[in-house]
Amino acid sequence: MQSTQQTPTAEVPSKPAAELIDYETREERAQALERDGFAFFRAVLSPEQVQELRECSDRIKTVATPRWDFIDPDGSGIKTIQNAFNRDPLYLDFLDKPGVIELVEDALGEDCHLIQMTQWNTGKREEQKMHTDWKPILLPDDVAIDPRVKIPALIMTAHFYLDDMYEALGPTRVVPGSHRAGIRPERDQDKWNNAEEQSILCKAGDVIVFRSDVWHRGGANRTDQVRYLLQVHYANRWIAQRFPPFLSFQFDPEILSKATPRQRRLLGEHRPGPFA
Ligand SMILES: O=C(O)CCC(=O)C(=O)O
Ligand SMILES: [Fe+2]
């Protein structure tokens, strides 16, 4: 009798790998962001820096957010450390990594700021539904795709990968160019305008920066390995920062005293403008 048992590899849906080009110039990166909705940076961190950050995230105790602050003995669950910049001075450096921060400032404005920084260590998990993190404006598709229509990026995220990514570990997947869609995706919608969902199969220390309106999701983690990722979220200055607990958040004065002027601005020390 033929066995119906599936091999582990048969269970891993294989998606095409995104072509990851680490462009050399600031202009080329800006073009990639405009065309694809994301840009890639190779080896922003050395193996030692990756290890240092992983260990730091293991040391930090999470504050109780039920459901989301643990890896279960069975290997499932997520450890999230919100406001990571306020938990250890090591994280300050991830506010303004050279190259990454210029791309972000070119897109969001020189007075952009951090809205959140989350260490996101994922155990076994199901695939996320296809989503945008935030799509500010919905339009009929034929209007949205008209080249005269340009919706600026308003929120962007930098993902710092702290593992070599492979399919079974649940890479981030993106639908290139889908920030030009007028709509948000359906749960399993994996194509837009002939572009297919693609896996970001990058190495530990690599970074992608993506617009909040690009269609994407995290793949299923089918391994016993915890997947380490740092998410740094930036926004146009006029979009509020969101540091919980919202009404009583306080900066750690000791960590803040180590921040550079640029890092302080990214943390919210702005020159006053309209509305303050
Ligand atoms: O885990 C990932 O790679 C993506 C996570 C994500 O898109 C989200 O949490 O919104
Ligand atoms: Fe997301």
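Report follows, based on the coordinates. Being a predicted model, the structure only gives us computed values, none of them experimental.

Right, let's get into the pairing of strand 11 (residues 227–235). Bridge count for strand 3 (residues 113–122) against strand 11 is nine bridges, and the pairing is antiparallel. Bridge pairing in strand 11 places Gln 119 opposite Leu 230. For strand 4 (residues 155–161) and strand 11, the ladder comprises seven bridges, and the chain directions are antiparallel. What sits directly across from Met 156, in strand 11, is Tyr 234.

This part covers the environment of Val 104. With respect to the helices and strands, Val 104 occurs in helix 4 (residues 100–108). In this structure the C-alpha to C-alpha distance between Val 104 and Ala 30, which are 74 residues apart in sequence, comes to 9.0 Å. Excluding anything up to four places from it in sequence, Val 104 contacts Cys 112, Met 156, Val 209 and Tyr 234.

Below, the discussion takes up the site of ligand 1. Around ligand 1 sit Asp 133, Thr 172, His 216, Arg 217 and Gly 218, and those are all the residues in its vicinity. The element that contributes the greatest number of residues to the shell around ligand 1 is strand 10 (residues 216–218), accounting for three residues. In the shell around ligand 1, the residues fall into no nonpolar, three polar and two charged.

Moving on, we come to unusual backbone geometry. Backbone phi values are negative for most residues with the exception of glycine, while trans is the configuration of most peptide bonds. Going from Pro 244 to Pro 245, the amide bond is cis rather than trans, its omega being 0°. Within the secondary structure layout, Pro 245 lies in the loop between strand 11 and helix 6 (253–256). Of note in the backbone geometry, Asn 193 takes a positive phi value of approximately 50° without being a glycine. Looking at the element boundaries, Asn 193 is found in the loop between strand 6 (191–192) and strand 7 (195–196). Note on Asn 193: 13 C-beta atoms within 10 Å, which makes it partly exposed. Even without a glycine there, the phi angle at Phe 275 is positive, about 70°. With respect to the helices and strands, the residue Phe 275 is situated in the segment after helix 7 (261–266).

This part is about the sheet that holds strand 2 (residues 78–81). The strands making up a sheet associate through hydrogen bonds between their backbones, and the pairing can be parallel or antiparallel. Here six strands make up an open sheet; going across it, the order is 1-9-4-11-3-2 and the pairing antiparallel. Across the chains shown, the open sheet's two edge strands, defined by having one partner strand only, are strand 1 (38–41) and strand 2. Shown here is a sheet whose adjacent strand axes are inclined to one another by a mean of 20°, direction ignored. Relative to the sheet, helix 3 (residues 47–59) contacts strand 2, strand 3 and strand 11, its axis offset from that of strand 11 by approximately 90°.

Attention now goes to helix 3. Taking 1.5 Å as the rise per residue, helix 3 with 13 residues should run 18 Å; its terminal C-alpha atoms sit 19 Å apart, in good agreement. Three or more residues of helix 3 are buried, namely Val 50, Leu 53 and Ser 57. End-on view of helix 3: buried residues confined to an arc of 70°, all on one side of the axis. Set apart from the buried face of helix 3 by more than 90 degrees, the exposed residues are Pro 47, Glu 48, Glu 55, Asp 58 and Arg 59.

Rules used throughout
- Residues numbered from 1 in each chain as written.
- Chains lettered and ligands numbered in written order.
- Predicted model: local features only at pLDDT ≥ 70, side-chain atom pairs only at ≥ 80, totals over all residues.
- Pairing = 2+ DSSP bridges.
- Helix = DSSP H or I, 4+ residues; strand = E, 2+ residues; numbered from the N terminus.
- Contact = placed C-beta atoms within 7 Å.
- Near = placed C-beta within 6 Å.
- Nonpolar A, V, L, I, M, F, W, Y, C, P; charged D, E, K, R; others polar.
- Buried ≥ 20, exposed ≤ 12 C-beta atoms within 10 Å, placed from the backbone.
- Axes fitted to C-alpha atoms, helices over the stretch in contact; angles between N-to-C directions.
- Expected span 1.5 Å × (residues − 1).
- Arc of directions from axis to C-beta.

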